[in-house]
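Listed here are the chains, written in short residue letters.
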Amino acid sequence: MTGYIIIFLSASLISAFSQILLKLAARKQYRSWIYEYLNIRVVTAYAIFFLATLITVYCYKVIPLSLGAMLESSGYVFVTVLGGLILKEKVSPQKLAGMALVILGVIIVAV
């Protein structure tokens, strides 16, 4: 089951990348509302998110739902870290404390 946990966490990381792409797309100005939704970043982000969903469903064959929900919370950590690295968003001490609690919870439940 450890392999499925790693795959599940990878899907959560992939999903975080799709959210970063959506944020990058939202920062731009578009000439029409249709281009806001049908541009390469948005379409790619949703395709990546769909892939992450398929991987998650695959892992739920082995991983119990209660464990999956806990592992899914790792996405908060991934989004915060990627937001800081890629988008240069500030990571406050409160966010760091929250991420530490999430990581601790995932470790406790996964072990």
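Conventions used here
Residues numbered from 1 in each chain as written. Predicted model: local features only at pLDDT ≥ 70, side-chain atom pairs only at ≥ 80, totals over all residues. Heavy atoms only, no water. Phe/Tyr/Trp six-rings, centres within 6.5 Å; stacked < 30°, edge-to-face > 60°. Helix = DSSP H or I, 4+ residues; strand = E, 2+ residues; numbered from the N terminus. Buried < 20%, exposed > 50% of the residue type's maximum accessible area, 1.4 Å probe, protein only. Contact = heavy atoms within 4.5 Å. Core = buried A, V, L, I, M, F, W, Y, C linked by side-chain atoms within 4.5 Å. Expected span 1.5 Å × (residues − 1). pLDDT = per-residue confidence, 0-100. Patch = residues over 30% accessible without salt bridge, like charges linked within 9 Å, V, L, I, M, F, W, Y side chains within 5 Å. Areas by Shrake-Rupley, 256 points an atom, 1.4 Å probe, with all protein chains shown as cover. Salt bridge = Lys/Arg side-chain N within 4 Å of Asp/Glu carboxyl O.

Caption draft 1: Spotlight on the packing of aromatic side chains. Evaluated as defined, the whole model comprises two aromatic pairs. With a centroid separation of 5.6 Å and an interplanar angle of 35°, the aromatic rings of Tyr4 and Tyr58 are classed as tilted. Within this pair, whereas Tyr4 is found in helix α1 (residues 2-27), its partner Tyr58 is found in helix α3 (residues 40-59), the two being separated by 54 residues in sequence. By relative accessible area, Tyr4 is classed as partly exposed at 24%. By relative accessible area, which is 40% here, Tyr58 ends up partly exposed.

Caption draft 2: Structural detail: the environment of Tyr60. Mapping Tyr60 onto the fold places it in the loop between α3 and α4 (65-72). For Tyr60, a relative accessible area of 30% gives the class partly exposed. Along the sequence, Tyr60 and Phe8 sit 52 residues apart, while their C-alpha atoms lie 8.6 Å from each other. Those residues in contact with Tyr60 that sit more than four places away from it in its chain are Phe8, Leu65, Gly68 and Ala69.

Caption draft 3: Summary view of unusual backbone geometry. A positive phi angle is found at Lys88, which is not glycine, with a value near 60°. As for its position among the elements, Lys88 is in the loop between α5 (74-86) and α6 (93-110).

Caption draft 4: Main features of the nonpolar core. Residues Ile5, Phe8, Cys59, Ile63, Leu67 and Leu71 are the most contacted members of the largest nonpolar core, which totals 13 residues. Only α1, α3, α4 and α6 provide two or more residues apiece to this core.

Caption draft 5: Geometry of α5. Compared with an ideal rise of 1.5 Å per residue, which puts 13 residues at 18 Å, α5 spans 18 Å between its outermost C-alpha atoms and is within 8% of the ideal. Within α5, the full set of buried residues consists of Ser74, Gly75, Val77, Leu82 and Gly83. Positive phi appears at Lys88, one or two residues downstream of α5, with a value of about 60°.

Caption draft 6: Quick peek at the confidence of the model for the protein. On average, the protein scores 91 in pLDDT, and the residues at 70 or more come to 99%. Here helix α2 (residues 33-37) is the element of the protein with the lowest mean pLDDT, 84, and α3 is the one with the highest, 95.

Caption draft 7: A nonpolar patch on the surface, seen in detail. Taken together, the side chains of Trp33, Ile34, Tyr35, Tyr37, Leu38 and Val43 define a hydrophobic patch exposed on the protein surface, amounting to about 650 Å² of accessible area. Here the nonpolar patch takes four residues from α2, the largest share from any one element. In this structure, Leu38 sits in the loop between α2 and α3.

Caption draft 8: The arrangement of the environment of Leu24 in detail. Position of Leu24 among the secondary structure elements: in helix α1. Taking the C-alpha atoms as reference points, Leu24 and Tyr4, 20 residues apart in sequence, are found 30 Å from one another. With residues near it in sequence (within four places) discarded, Leu24 still touches Arg41 and Leu87.

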